[in-house]
Amino acid sequence: MSLNTSHTNTSITKNIEGQEFKLHPVAKWLKTAIFASIASTTAFTLHAQEAQNVTDENEAELEVIDVVGTRRTIQDQIAIKRESTTVVDGLSSEDIGDLPALSIGEALESITGAASHRENGGATEITIRGLGPFLSATHINGRQATNGSGDRSVNFSQFPSELVKKVAIYKTQDASMIEGGVAGVISLETVQPLDFGKQRFQGEIKANYNPDEGNVDNSLQGDLGFRGTFSYVDQFEFDNGQALGVSFGVQRQDISQPEAEYRSSSPTGSSLWACLNDPTNTNEGFYRSSAGDCEDQVNGSSNQGYDTEIDPETGKAVSDTSPYAWTGSSRSFRQNETSDERDALFLALQFQPSEAWDINFDAQVSDRIQQESRHDLIFLQKRAIPGLTGPTLVTNSVGGILHWEGQDRIESAGEQFSREENYRGYGLNVEHYATDALTINFDVSYSKTEREELQVSNRGRTADRQFFSWDMGENIPNFTVTNIDLTDISNFTDSLRTRIDRENTRDNEIKSARLDFEYALDGEVFTSVQAGLRTSELSFTQYGGSQGNGSRNEYTLDTSNTTALEVLESCQKDFPESDFLSEVSDGNLVTHVDSEGNVIDSGTGSSWATYDNLCFSRAVAASQGAEFAYPELEYENSGTIDVTEKTNSAYVMTSYDTEMFGKLVRGNFGVRVVDTEVTSIGFRNTFDVVADDLGVLSLVTGDSLERIEGGGDYTEVLPSFNLVVNYSDEILLRGGIYRGMSRADPADMGYSRTFQTDDDIAPTSLSDLLVGVNGSGNPNTQPLMSWNYDVAFEWYPNEDSIFAFGFYYKQFQGGFQQQTVLENFEIDGETFALPVTNSVTTDDEADLFGIETSIAYRWDNGIGIKIGYNYADTDFEFEDSLYGDTFITDLDGNTTQLTAGIIPPGSVPGFSEHVFSSQLYYQIGDLDTAIIYKYRSEYFQPYTSNGTRLRYVDEVGVWEARASYKINKNIRVKVEAINLFSAPKSQDYYVQGNLGEVNDYGPRLFAGVSVKY
């Protein structure tokens, strides 16, 4: 670390897992001594030069320029990377609130190799090196974080960037780090007030304006939103040598998140099919001789779609070589009125009763409510019309429809949706410097996320099937309707219905404790030995109800009490948005024509008849004498998932710092042992075994529920090795090897089991009666393991510049496949081993190769650049469970192919081949500006409701910009924008080229002022 006449280098602090980002007091004293020594040496040199040049100048001064803003942030990124013993990239800020991003997700996206999945126009889940979030782990102050999604990813939009001081991504690991990240570990760190070392009052207020919101008459939010943040940091020293530090931050956010959508039916298995498109087949598909549904294989139906099951006589799919096209049950437009409210509080207390003790308590609280009032225009599209739909159909090379004609009902639908998510995180860390050599660290933490979703779904539809057609435009379809005005509410008076749902109510809780020891060595090679123990308990509960993952109250209109038109007219509202979807459409969304094809002005445009959702729902419920109310959930329910995961781990690690072959060498090596036990609780109906007069047995289902329990366990050994070679003062060579693991998502480890019986053989014993088990969820799912190798070359010409190039290789062990295993069940006092088929982790191997480069440079005129790029390639395959190649392994280990797929497999969930980020900044004097571009190539994103189906998010590039001006030492004004050029998010279902959904968000603009004192 150096100090010269032009700038000060950024201090590198160390903290994750006792390894990075936090200086011990001894190190702080040493740092102070080094600074004093360098400063005095520099002063002495300057004094000597002054004496020699006394005729030229009378006095020389040591000038120290405080580097701030974007330049300081990039300097910190460079310094964090350079000083670490692992492959790591990070961001830090001088003060709370100075991270250069509107959210943690946006901040992480600026790190090389990181990209986000976008929801509501902002960054949410983060991928590392193009690998999905389920392969990563997230720690807050070195501790695991919970979420409300049922997986192990974290929604980073939950946490305000203004209250986080540092973010980092660890791409290689050491033995001291909590296991769980094959792709890497994301670390968030809040301020430690004594280490911060100065008093700071800081307030910031930002106004939010979204241009698309200006077109919306929003019942939930006004055109302007705001985001207000206040933080306070202080230290108190006492006469007895004790010290107390306090850090406190609060934020209130109240904004809109406009979103306009085109949607097709989702690939969940019940609404999107590969419909046969064979002109010679008039019995089924698009060319059927009688009007009817065009869908997939349905038991007992005369209308059959593409059959992927293996024909035992040919060894191929039953429908092999049959042409097909992807048709959903509907296509629709959705207009949204939105609101996003969040209250956050971060607190830290640091107490040092003596030089030997450092006690830290921290807390993070976040309460968020997202609301949407949705208005849908839905064109039902299952029905094929003889002589019309098939002959006029136009498709692309993968079966995606480009032109469709037919006859079906049209709906004006609506939804009122809200999601409440509450996060609580608490931690206590006690560090004791027992001797000059021995440091003991004890940490205990608690994290909990609660989520609940409430939804009202309404429907009004046309009484008759209407003729309509659509053509695929550049981004979304445009529809033509015949002799029906969709802006007239009286056209939607059939089948009025409301559904009132409470669903996806989840609790995710983590309790953990760890004890670490570090002993400093006096050797010339080995500098310290670290060891530690950790125990944690993760619990995940999703409450069941009448609808499996929730409960529903459903009412249809009782026309004996009121008419449909009365309900619709009393609740009708004007279409809430002008220029709806204009950024992605080629013209009018709907064109109204007469029977001769002449355009009718009325009903032509980009709107339709809409109504107030709550008014509609209350009126329909009241027609049946019911009151509007959300249903209750219950723990003891067959849809409940209750998973407990207990983990114990231990590690030992040695650090080294020496000289070899004339080069300074440092790093560490160690091993971590992890033991995990999973217990999963479910509920099923009770049953009685009943014998008739002939002694034939049968199962009779009872009215009550019984508790059932399953589980699994595994033990893994995770060695690691990290090496840094100081080839010269400016060049580093870096390498790392570690074995990583990623656990199954908690929601996939439920335990639902029901018995299969064989009543045809007149069973007289339980072993004859019970032939198997139907089950979902597998608590014995083994983790996905990988060996990970990294090498890198890093050149640091100066504090503003870096050129880093790295190569990495990951070898995965594990895939996903259906397998039959035996599970033990106790029935009438006897234990039976019965076969159950479920998803398991296989022993398949797959490889992933990647390169990663980071470049930063600054010119003397104040212009600077930063570029990050990641390329990856893998042979990992993820087969769709409906239209991919699927297999099953029986009890004897024999594998049989069940289906021959018609779509190529996906890759690792979340995998992108290319991830690129760039930043061009100009900082001179008090003006600081930057423009940012982020790109991510297409990737496979599993459905939350059915993670076995393929859904692709298309490639996208997003621009952001920010600028700030420092009025004086206390006041700075800022403007920021994300999604500057309104890049939409588009998704394809089953196969790329079959458009499924387009989300248009528009830009998000913020302007504000921050005050520091």
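Scroll up to find the structure this text is about.
This text gives an overview of the structure that appears in the document. (Residues numbered from 1 in each chain as written. Predicted model: local features only at pLDDT ≥ 70, side-chain atom pairs only at ≥ 80, totals over all residues. Heavy atoms only, no water.)

**Quick word on the overall build of the protein**
Right, so step 1: Counting secondary structure elements, the protein contains 8 helices and 53 strands.
Right, so step 2: Taken against the 2.2 N^0.38 rule, which gives 31 Å for 1013 residues, the C-alpha radius of gyration of the protein at 31 Å falls within 12% of a compact globule.
Right, so step 3: If one aligns the C-alpha atoms of the protein with their principal axes, the spans along those axes are about 105 × 75 × 55 Å.
Right, so step 4: Per-residue burial for the protein yields a buried fraction of 56% across its 1013 residues.
Right, so step 5: Within the protein, residue pairs in contact and separated by at least 24 positions form 74% of the contacts whose partners lie at least 6 positions apart. (Helix = DSSP H or I, 4+ residues; strand = E, 2+ residues; numbered from the N terminus. Rg over C-alpha atoms; globule rule 2.2 N^0.38 Å. Buried < 20%, exposed > 50% of the residue type's maximum accessible area, 1.4 Å probe, protein only. Contact = heavy atoms within 4.5 Å.)

**Re a negative patch on the surface**
Right, so step 1: On the surface, Asp873, Asp875, Glu877, Glu913, Glu938 and Glu955 cluster together into a negatively charged patch.
Right, so step 2: Along the polypeptide, Asp875 turns up in the loop between β42 (863-874) and β43 (886-889). (Patch = residues over 30% accessible without salt bridge, like charges linked within 9 Å, V, L, I, M, F, W, Y side chains within 5 Å. Areas by Shrake-Rupley, 256 points an atom, 1.4 Å probe, with all protein chains shown as cover. Salt bridge = Lys/Arg side-chain N within 4 Å of Asp/Glu carboxyl O. Lys, Arg positive; Asp, Glu negative; His and termini not counted. Charge placed at Lys NZ, Arg CZ, Asp CG, Glu CD.)

**Brief notes about the sheet that holds strand β23 (residues 477-482)**
Either a parallel or an antiparallel arrangement is found when strands of a sheet pair, and the pairing is made through backbone hydrogen bonds.
Right, so step 1: In space, the 6 strands of this open sheet follow the order β18-β19-β22-β23-β28-β29, with mixed pairing throughout. Each edge of the open sheet is held by one strand with a lone partner, namely β18 (394-395) and β29 (599-605).
Right, so step 2: As paired strands, strand β28 (residues 590-593) and β29 are joined by 3 bridges and run antiparallel to one another. Residue pairing for β29: Val593 is matched across the bridge by Val599. (Pairing = 2+ DSSP bridges.)

**So, the nonpolar core**
Right, so step 1: The biggest cluster of nonpolar side chains holds 57 residues, and the ones touching the most others in it are Ile104, Leu108, Leu135, Val167, Leu188 and Phe812.
Right, so step 2: For this core, the elements supplying multiple residues, two or more each, are α3 (104-109), β3 (122-128), β6 (166-170), β7 (184-189), β12 (272-276), β15 (330-354), β38 (802-813) and β41 (845-858).
Right, so step 3: Considering each element in turn, this core owes the most residues, 4 residues, to β12.
Right, so step 4: Those residues within four positions of Val167 in sequence are excluded, and the remaining contacts are Gly90, Leu91, Leu99, Ile104, Leu108, Ile111, Ser187 and Leu188.
Right, so step 5: Grouped together as the second largest cluster of nonpolar side chains are 46 residues, Leu393, Ile484, Leu557 and Phe616 included. (Core = buried A, V, L, I, M, F, W, Y, C linked by side-chain atoms within 4.5 Å.)

**Considerations on the pattern of salt bridges**
Right, so step 1: Applying the stated rule across the entire model yields 45 salt bridges.
Right, so step 2: For the salt bridge of Arg424 with Asp367, the shortest nitrogen-to-oxygen distance reads 2.8 Å. Of this pair, Arg424 sits in strand β20 (residues 410-433) while Asp367 sits in strand β16 (residues 357-380); the two residues are 57 residues apart in sequence, bridging distant segments of the chain.
Right, so step 3: In this structure, a network of salt bridges that share partners links the residues Lys81, Asp89, Arg129, Lys171, Asp790 and Glu852.

**Structural notes on the sheet that holds strand β5 (residues 143-144)**
Right, so step 1: Taken in spatial order, the 5 strands of this open sheet run β1-β6-β7-β4-β5, and their pairing is mixed. In the strand order of this sheet, the two ends are held by β1 (88-92) and β5, each with one partner.

**A word on the packing of aromatic side chains**
Right, so step 1: One pass over the structure, following the stated rule, counts 35 aromatic pairs.
Right, so step 2: Relative to Phe616, the ring of Tyr611 lies with its centre 4.5 Å away and its plane at 20°, an arrangement referred to as stacked. Of the two residues, Tyr611 and Phe616, neither departs from the other in class, the shared state being buried.
Right, so step 3: With a centroid separation of 6.4 Å and an interplanar angle of 55°, the aromatic rings of Phe940 and Tyr952 are classed as tilted. Placement of the pair is Phe940 in strand β47 (residues 939-940) and Tyr952 in strand β48 (residues 951-953), with a sequence separation of 12 residues. Across this residue pair, the class does not change: Phe940 and Tyr952 are buried.
Right, so step 4: By the ring-pair criterion, three or more aromatic residues cluster together here, those being Tyr262, Phe333, Phe379, Trp404, Phe468, Trp470 and Phe479.
Right, so step 5: Taking the ring centre of Tyr727 as reference, the NZ or CZ of Lys663 above it sits at 4.3 Å.
Right, so step 6: Cation over ring: Arg936 sits above Tyr939, and NZ or CZ is 3.4 Å from the ring centre. (Phe/Tyr/Trp six-rings, centres within 6.5 Å; stacked < 30°, edge-to-face > 60°. Lys NZ or Arg CZ within 6 Å of the ring centre and 35° of its normal.)

**As for helix α7 (residues 613-623)**
Right, so step 1: Looking at α7, one finds that the buried residues are Asn613, Phe616, Ser617, Val620, Ala621 and Ser623. Looking down the long axis of α7, one finds its buried residues gathered within 160° of arc, a one-sided arrangement.
Right, so step 2: Among the residues of α7, the N-terminal cap falls to Asp612, whose side-chain oxygen and the backbone nitrogen of Leu614 are separated by 3.2 Å.
Right, so step 3: Phi turns positive, to about 75°, at Gly625, one or two residues after α7. (Arc of directions from axis to C-beta. Polar contact = N/O pair within 3.5 Å; in protein donor to acceptor, adjacent residues only side chain to side chain.)

**Here we look at the pairing of strand β50 (residues 971-978)**
On any regular strand, side chains alternate: one points to one face of the sheet, the next to the other face.
Right, so step 1: Taken together, the 6 bridges between strand β49 (residues 956-966) and β50 define a ladder with antiparallel strand orientation. If you follow Arg962 over to β50, its bridge partner there is Glu976.
Right, so step 2: Following β49, the chain reverses through 4 residues before pairing antiparallel with β50.
Right, so step 3: In the sheet, β50 pairs with strand β53 (residues 1004-1012) via 8 bridges, with the strands oriented antiparallel. Across the sheet, residue Ala977 finds its bridge partner in β53, namely Leu1005.

**Some thoughts on the side chain of Asp408**
Right, so step 1: With respect to the helices and strands, the residue Asp408 is situated in strand β19 (residues 401-408).
Right, so step 2: There is no salt bridge for the buried Asp408, and the closest opposite charge comes from Arg465, which lies 4.0 Å off by N-O distance.
Right, so step 3: Within the local environment of Asp408, its side chain forms a polar contact with the backbone nitrogen of Arg383, the two atoms lying 3.4 Å apart.

**As for the state of the cysteines**
Right, so step 1: In this structure the tally under the stated criterion is 2 disulfides.
Right, so step 2: Note on cysteine connectivity: Cys275 is disulfide-linked to Cys294, with sulfurs 1.4 Å apart. With the S-S dihedral at roughly -70°, the linkage between Cys275 and Cys294 falls on the left-handed side. With a gap of 19 residues between them, Cys275 in strand β12 and Cys294 in the loop between β13 (292-293) and β14 (324-328) connect regions that are remote in the sequence. The same class applies to Cys275 as to Cys294, namely buried.
Right, so step 3: Disulfide pairing is shown between Cys571 and Cys615; the S-S distance is 2.0 Å. Here the S-S torsion is close to -70°, and the disulfide linking Cys571 with Cys615 is therefore left-handed. With Cys571 in helix α6 (residues 564-571) and Cys615 in helix α7, this pair connects stretches of sequence that are 44 residues apart.
Right, so step 4: Residue Cys615 is classed as partly exposed on the basis of its relative accessible area, which comes to 26%. (Disulfide = S-S within 2.5 Å.)

**Focus on unusual backbone geometry**
Right, so step 1: Phi is positive for Phe661, which is not a glycine, with a value near 55°.
Right, so step 2: With respect to the helices, strands and loops of the structure, Phe661 is situated in the loop between β31 (641-660) and β32 (663-691).
Right, so step 3: We note that Tyr990 has phi near 70°; this positive angle belongs to a residue other than glycine.
Right, so step 4: With respect to the helices and strands, the residue Tyr990 is situated in the loop between β51 (985-989) and β52 (995-1000).
Right, so step 5: Accessibility expressed as a relative area gives 0% for Tyr990, which makes it buried.

**Some thoughts on the side chain of Ser412**
Right, so step 1: As for its placement among the helices and strands, Ser412 is situated in strand β20.
Right, so step 2: Exposure remark for Ser412: the relative accessible area of 1% places this residue in the buried category.
Right, so step 3: Excluding residues within four positions of it along the chain, Ser412 makes contact with Asp376, Arg459, Gly460, Phe492, Trp608, Ala609, Thr610 and Tyr611.

**Structural notes on the pairing of β49**
Right, so step 1: Note: strand β46 (residues 927-936) against β49, 10 bridges, orientation antiparallel. Its bridge partner being in β49, Thr929 is matched across the sheet by Ala963.

**A look at the packing of α6 against α7**
Right, so step 1: As a packed pair, α6 and α7 sit with axes 9 Å apart at the nearest point and diverge in direction by 150°. Comparing their axes, α7 and α6 come out roughly antiparallel. The two elements α6 and α7 meet at a crossing, and its hand is right-handed. Contact residues: α6 offers Val567, Leu568, Ser570 and Cys571, while α7 offers Cys615, Phe616, Ala619 and Val620.
Right, so step 2: Looking at the contact of α6 with α7 residue by residue, the classes come out as 7 nonpolar, 1 polar and no charged. (Axes fitted to C-alpha atoms, helices over the stretch in contact; angles between N-to-C directions. Parallel < 35°, antiparallel > 145°, perpendicular 65-115°, else oblique. Left-handed = near helix turned anticlockwise from the far one by under 90°. Nonpolar A, V, L, I, M, F, W, Y, C, P; charged D, E, K, R; others polar.)

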